[in-house]
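Now for the letters of each chain:
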Amino acid sequence: MEFARELEEALAAAAAASKYVLAEYQSFVAIPNAPATISTHVDRESQEIILRHLKAAFPEDGLVAEEATATLAGSPKNAARTWVVDPIDGTRGFAMKNGEFSVMIGLTVGDRAVVGVVAEPEQDRVTYAAAGSGCFVRFGTGEPHRCSVRPTTDLAQSAMVISHRKAGKPPKAELVALGPARVVETYSAGVKLAMVARGDVDFYLNEYPNFHDWDVCAGHVLVEEAGGRVTELGGGEVRYGHRGANQRRGMVASNGKLHDAIVDRVKHSSPPPGRGEG
């Protein structure tokens with residue numbers, strides 16, 4: 001395996017952070033109406049646990065992460081290899097205590113994602129992959145099982161995962177145009193992408209006008225290594241390392257078989273996000 005050591009260290013870092021996050025989660029006082037922008041001391045300490053581990057293992061690699069922490073500030077700039085970290089993806093789910101959050105660690109070489117780990121502390125589950133080596137899921141200390149995307153070929157029979165919709169609001173045009181048989185709602189893009197990779201759903205649509213590398217990098221690898229496909233909303237290749245770690249062209253992650261149909265319907269339902277600064 002080309003990235004065997006990198007994956008091993010990412011799994012170890014995710015396990016250490018997950019242990020800390022779960023302990024804090026169990027004593028955390030729920031915030032029922034937590035805002036989407038919420039950040040907690042748990043996010044910052046989880047990030048430091050991960051970054052310190054990765055920096056010790058790969059001191060020449062760059063680091064990109066969501067929170068402003070000391071280890072991130074001291075990381076190499078413009079490195080050929082960069083670790084992309086979301087210490088708690090879905091902090092809103094953490095704060096609301098609904099279990100919908102993950103710890104995400106990805107590695108990019110150039111502008112390509114090559115290693116991904118999505119750990120779900122509350123479920124004691126980790127889904128992981130390295131380029132060219134397949135995607136696997138493991139519960140606790142059990143044996144890993146290989147992941148494969150669903151074989152669905154008809155959108156009318158498909159299952160889609162999206163973020164929670166606001167009560168009383170009509171469905172978005174994209175959802176109406178796609179017409180899936182089932183819609184699953186959850187916080188955390190990492191959880192959503194892992195669901196596609198494990199075959200829990202057929203596809204994930206992210207139409208946000210601006211999100212970041214750390215939101216999707218790790219999960220991107222999972223989907224592709226499980227046999228799926230990941231592109232921008234317009235069908236272009238997802239690349240990493242833009243200024244500010246910005247992603248401004250949306251994302252479709254699917255089982256591959258439905259991908260072209262999804263991209264086509266989304267194009268005709270609404271204009272894709274703007275190109276931004278890239």
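A short tour of the structure in this document, coming up. Every value quoted in this text rests on a predicted model; they were computed, and no experiment measured them. (Residues numbered from 1 in each chain as written. Predicted model: local features only at pLDDT ≥ 70, side-chain atom pairs only at ≥ 80, totals over all residues. Heavy atoms only, no water.)

**Quick look at helix α6 (residues 189-198)**
Counting along an α-helix, one turn takes 3.6 residues, and residues three or four places apart therefore face a common direction.
Here's step 1: Among the 10 residues that make up α6, 10 are buried, leaving the element largely enclosed by the rest of the structure.
Here's step 2: Taken as a whole, α6 has its buried residues at A189, G190, V191, K192, L193, A194, M195, V196, A197 and R198.
Here's step 3: Between the side-chain oxygen at the start of α6 and the backbone nitrogen of G190 there is a gap of 3.3 Å, and the oxygen is on S188.
Here's step 4: In the segment just after α6, G199 is the residue with positive phi, at about 85°. (Buried < 20%, exposed > 50% of the residue type's maximum accessible area, 1.4 Å probe, protein only. Helix = DSSP H or I, 4+ residues; strand = E, 2+ residues; numbered from the N terminus. Polar contact = N/O pair within 3.5 Å; in protein donor to acceptor, adjacent residues only side chain to side chain.)

**Let's talk about the environment of H259**
Here's step 1: By the secondary structure assignment, H259 is in helix α8 (residues 259-269).
Here's step 2: Each C-alpha atom of the pair H259 and V230 lies 8.4 Å from the other, and the pair is 29 residues apart in sequence.
Here's step 3: For H259, the contacting residues outside a window of four places in its chain are R229, V230, T231, V252, A253 and S254. (Contact = heavy atoms within 4.5 Å.)

**What about the packing of aromatic side chains?**
What describes a pair of aromatic rings is the distance from one ring centre to the other and the angle between the planes of the rings.
Here's step 1: Per the stated rule, a full pass over the model turns up six aromatic pairs.
Here's step 2: Ring centres of Y25 and F101 lie 4.9 Å apart, and the angle between their planes is 50°; this geometry places the pair in the tilted category. Taken together, the positions of Y25 in helix α1 (residues 4-27) and F101 in the loop between α4 (91-96) and β3 (102-109) put the pair 76 residues apart, joining distant regions of the chain. Note on accessibility: Y25 and F101 belong to one class, buried.
Here's step 3: Among the aromatic residues, those joined into a cluster by ring pairs are Y25, F28, F94 and F101.
Here's step 4: Looking at R81, its charged tip hangs above the ring of F58, at a distance of 5.4 Å from the centre.
Here's step 5: Above the ring of Y25, the side-chain terminus of K97 is found at 5.2 Å from the ring centroid. (Phe/Tyr/Trp six-rings, centres within 6.5 Å; stacked < 30°, edge-to-face > 60°. Lys NZ or Arg CZ within 6 Å of the ring centre and 35° of its normal.)

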